[in-house]
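# Structure at a glance
Residue-level listing of the chains:
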Amino acid sequence: MRLGLPALVAFFVLPAAAQPDPATAKANALLAQLTLEEKIGQISQFFAFPGMPIDDAVKTGRVGSLLFVTDPKEINRLQDLAAQSRLRIPLIFGFDVIHGFRTIFPVPLGMAASWDPALVEGAQAIAAKEARAVGIHWSFAPMVDIARDPRWGRIVEGAGEDPYLGAAIARAQVKGFQGDHIGADHVLACVKHFAGYGAAEGGRDYDASNIADTQLWNVHLPPFRAAVQAGVGSVMSAYMDLNDVPATGNRWLMHDVLRQSWGFKGFVVSDADAVKSLVPHGFARDGADAALRALHAGINMEMTFGPGDYAKTLASSVEAGRVSVGQIDDAVRPILEAKVRLGLFDTAKVDEARAARVLAAPEHRVAARVAAERSAVLLRNEGSLLPLRPTAHTKLAVIGPLADAPYDQLGSWAFLGDGAETVTVLAGIRAKLGAQGAVEFAQGVQIRRTTPSIFDILKRYKDPEPWSEAQAAEELAKAVAAARRADVAVLVLGELQYMSGEQASRSSLDLPGRQQELLEAVVATGTPVVLVLVNGRPLNIAWASRHVPAILEAWFPGTQGGAAVASLLFGEANPGGKLPITWPKHVGQVPIYYSHNLTQKHEDQAKRYWDDPSEPLYAFGHGLSYAKFAVSALALNRSELAQGAMSRGQQIEISVDVENTGTVAGDEVVQLYVHQRAGSASRPIRELKGFERVSLAPREKKTVRFALGADELRYWSGALRRFVLEPETFDVWVGTDSKASLHGSFKLVPD
Ligand code: BGC
């Protein structure tokens, strides 16, 4: 037989190019053998708390995924049961590995305050390694919801208010969890909550979001798109209505945007019982309708507390011809592909002895300390009270309900975090001062949530008995007396573990309980006060910002938080974090964010309320250091660029010099902001479009370079209803917070 050139090409090239992906091939082979009931099992995910009767469902292939099992022995037992099912398809175990698994890192809002994507990536790589060691394959993170209302409790779980910073942190988390490809120490990431959850009305958790198209495309969607571009393997749908269409039944979101426009190839899981809640939303008529509408919208897997609507109704809907087997297959396929890519068909079980070695490994604890140091934000340091000097400050009073509260400082979503392994602020300071110093501790006040939290049942500690009135007065007096005796008082105030997080919205931003009273009483002693905040949202510290010389925002800093705070207070580490969120003066200013539109003359901006200025207490991007920095020599490589050239990939390059003019080494986050002066729609007063955290020795100077291209400058125009890159004049500012004043400009000119 003679083969011509085309045939030869077809023989050598085409077969290779047309090779189906091995994961898809395996998934298709399984689909050919699965019964309808087993297929529905693969798209059903159940919570599996101890004692729940799930064995039978696992053995018969009626469930494909479980969440909330964290014990490697139990995971192995369940995988053995799954191996007894007809086609021996392993289970995929999911869990909320949000900011660490056993070694707890600072909460995500804190990690974002590091402005250090490499740090974030490294932390999630450690979290993945610990989770995978016990047999968990799938993390329900990153949470990338943009939030501009600190009343919303879940603001703590995201990267704050800004889409550009949010996208950078989202990418870093996906890379940390999944690696370049999902290896034995990685887990599948799940970007959530798609989409718009952060805009819940009034900051009330789960409340409806009404988001204009412009805000969706320009503010809320970019971090999701970044996660998809970084290869995120799964997506979780949000609970709430987005512009009257529940996210979990929203085909425009799940199909048109996610799959068609962004090319997402993984699978979508509903949030817990979000399919069932399509009925109370007033969207679906009943459970069967809810399942059909979620499936049709593009929800591959239903996460549910009990038998879900997928499990209960989809088989009859297939029989009744309301949904085809082909549609069910399409939902199952990417889930099976993920199981193949995770290597579960090769090794589903884990080595329990190895798991014990990996959890809380010494190097993980070091990484958690460094992360807490790099996340902290020095909000104020009048008269350079900080850093403390062990020679001058030998008598310390450490005061407050968060000073020695190991679980509380872990923040929410830290179920495996162990109080016994946690270094509190008090312990950190005691260790740092050693024998030379005297540290007196007084709790001062007791704080409590006035309503229970849904997470109370998962707590590994018992809440203390409430103090009587007399005891409360006595404890407050003890704290004041301790402050009087001290050279310096370190007040550790803020929120308990479940005062921030899911179902932890607040109508006030005041320091909970009688903490403000404690603060004022301690300040009144005349002893210099350092306020350390342990919390998950900006709180009302307007009084403190006038009367307390030093304020350090530690967030919920995690397992090693106390060691980190102590290093920062004594200057062994230098604060370099920056606010990823605008800090309001009080709740009346929210929602508040730097990137707003200018709707009147600039000088009138500050006068929008007659009873108070509308400026925030601390600007987005703000954060001090023990070093001093000068940013200078802003230069643009050109003042004009043709619009078409930029569309084809050319960029405006911007450089500045940053110098440490202080006497100690430190970090500065150099930030680039952009404003488009005119166009088819009004543009925000300024938007972050570049940043870099640099470390500098005293007198050291570095040049920082940024590039602005089409990705940074295009936006969704509300007038034209599409993304545009417009030939206009652009302002740029570079500096050390969102008030940056070093200014330049350039023009995009028509071709
Ligand atoms: C939360 C999700 C979480 C899920 C599983 C839900 O209530 O909204 O963020 O991943 O529970 O724990």
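Everything that follows concerns the structure shown earlier in this document.
Here's what I pulled together on the structure shown here.

Calculation notes
- Residues numbered from 1 in each chain as written.
- Predicted model: local features only at pLDDT ≥ 70, side-chain atom pairs only at ≥ 80, totals over all residues.
- Heavy atoms only, no water.
- Helix = DSSP H or I, 4+ residues; strand = E, 2+ residues; numbered from the N terminus.
- Near = heavy atom within 4 Å.
- Polar contact = N/O pair within 3.5 Å; in protein donor to acceptor, adjacent residues only side chain to side chain.
- Areas by Shrake-Rupley, 256 points an atom, 1.4 Å probe, with all protein chains shown as cover.
- Nonpolar A, V, L, I, M, F, W, Y, C, P; charged D, E, K, R; others polar.
- Buried < 20%, exposed > 50% of the residue type's maximum accessible area, 1.4 Å probe, protein only.
- Pairing = 2+ DSSP bridges.
- Right-handed = clockwise from strand over helix to strand, strands pointing away.
- Salt bridge = Lys/Arg side-chain N within 4 Å of Asp/Glu carboxyl O.
- Contact = heavy atoms within 4.5 Å.
- Core = buried A, V, L, I, M, F, W, Y, C linked by side-chain atoms within 4.5 Å.
- 1 Å grid on protein atoms, 1.4 Å probe; cavity = no way out; pocket = protein on both sides within 12 Å on 5 of 7 lines; lining within 4 Å.
- Points joined across faces, edges and corners; volume = space filled by probe spheres on them.
- Arc of directions from axis to C-beta.

Most peptide bonds take the trans form, and the phi angle of most residues other than glycine is negative. In this structure, the amide linkage connecting Ala-141 to the following residue, Pro-142, adopts the cis form with an omega of 10°. Residue position: Pro-142 is located in the loop between strand 4 (138–139) and helix 9 (163–178). Put simply, Leu-386 and Pro-387 share a cis peptide bond, and its omega is -5°. Tracing the sequence through the fold places Pro-387 in the loop between strand 11 (377–381) and strand 12 (395–399).

Once that is clear, we can look at the site of the ligand. Around the ligand lies a shell of 13 residues, among which Asp-96, Arg-154, His-193, Asp-271 and Glu-502 are the nearest. At a separation of 2.7 Å, an oxygen atom of the ligand approaches a polar side-chain atom of His-193. Here an oxygen atom of the ligand sits 2.6 Å away from a polar atom, N or O, in the side chain of Asp-271. Coverage of the ligand by the protein amounts to 95% of the 310 Å² it exposes when considered alone. Residue composition of the shell around the ligand, by class: seven nonpolar, one polar and five charged.

On a regular strand, one side chain projects to one face of the sheet and the next to the other, so that they alternate. Buried residues dominate strand 21 (residues 687–696), accounting for eight of its 10 residues. For strand 20 (residues 666–676) and strand 21, the ladder comprises nine bridges, and the chain directions are antiparallel. Looking across to strand 21, one finds that Val-674 is bridged to Glu-687.

Burial along strand 3 (residues 92–95) is two-sided: Ile-92 and Gly-94 and Phe-93 and Phe-95, pointing in opposite directions, are all buried. Pairing between strand 2 (residues 65–67) and strand 3: three bridges, direction parallel. Looking at strand 3, one finds that Ser-65 is bridged to Ile-92. For the handedness criterion, the β-α-β arrangement of strand 2, helix 6 (residues 72–83) and strand 3 is classed as right-handed. Across two bridges, the pairing between strand 3 and strand 4 is parallel. From the neighbouring strand, Phe-95 faces strand 4, where its bridge partner is Ser-139.

A complete count under the given rule lists 36 salt bridges for this structure. Between Arg-341 and Asp-21 there is a salt bridge whose closest N-O contact spans 3.3 Å. Highlighted residues: Arg-341 in helix 15 (residues 325–341) and Asp-21 in the loop between helix 2 (14–18) and helix 3 (22–33), separated in sequence by 320 residues. The exposure class of Arg-341 is partly exposed, given its relative accessible area of 43%. Its salt-bridge partner being Asp-731, residue Arg-677 comes within 2.7 Å of it at the nearest N-O pair. A residue pair is termed long-range when its members are at least 10 positions apart, and Arg-677 in the loop between strand 20 and strand 21 and Asp-731 in strand 25 (residues 729–735) qualify at 54 residues. For Arg-677, a relative accessible area of 48% gives the class partly exposed.

Glancing now at the side chain of Asn-535. With respect to the helices and strands, Asn-535 occurs in the loop between strand 15 (529–534) and helix 21 (542–547). Every residue in contact with Asn-535, bar those within four places of it in the chain, is listed here: Gly-494, Glu-495, Glu-553, Trp-555, Phe-556 and Trp-583.

With that settled, the discussion passes to the nonpolar core. Among the nonpolar cores identified, the biggest contains 116 residues, and Leu-66 and Phe-194 are the most heavily contacted of them. Look past the residues within four positions of Phe-194 in its chain and what remains in contact with it is Leu-221, Phe-224, Val-235, Met-236, Ser-237, Ala-238, Ala-247, Leu-253, Met-254, Val-257, Leu-258 and Trp-262. One finds Leu-491, Leu-511, Val-532 and Leu-568 within the second-largest nonpolar core, a separate group that totals 71 residues.

Moving on, we get to the layout of surface pockets. Each pocket or cavity is described by its volume, and for the largest pocket that value is around 970 Å³. Every residue lining the largest pocket is counted, 43 residues in all, and those nearest its centre are Asn-218, Pro-222, Lys-689, Asp-711 and Arg-714. The set of elements that each furnish at least two residues to the lining of the largest pocket consists of helix 9, helix 10 (213–220), helix 11 (222–229), strand 20, strand 21, helix 24 (710–713) and strand 23 (715–717). When residues in the lining of the largest pocket are grouped by element, the largest group, five residues, is from helix 10. When grouped by side-chain class, the residues that make up the lining of the largest pocket number 20 nonpolar, 13 polar and 10 charged.

Right, let's get into helix 14 (residues 309–319). Those residues of helix 14 not exposed but buried are Asp-309, Tyr-310, Thr-313, Leu-314, Ser-317 and Val-318. Taken end-on, helix 14 shows its buried residues confined to a sector of 140°, consistent with a single buried face. Turned more than 90 degrees away from the buried face of helix 14 sit Lys-312 and Glu-319, all of them exposed. Buried residues in helix 14 make contact with helix 4 (36–42), strand 1 (44–47), helix 13 (287–297), strand 10 (302–304) and helix 15.

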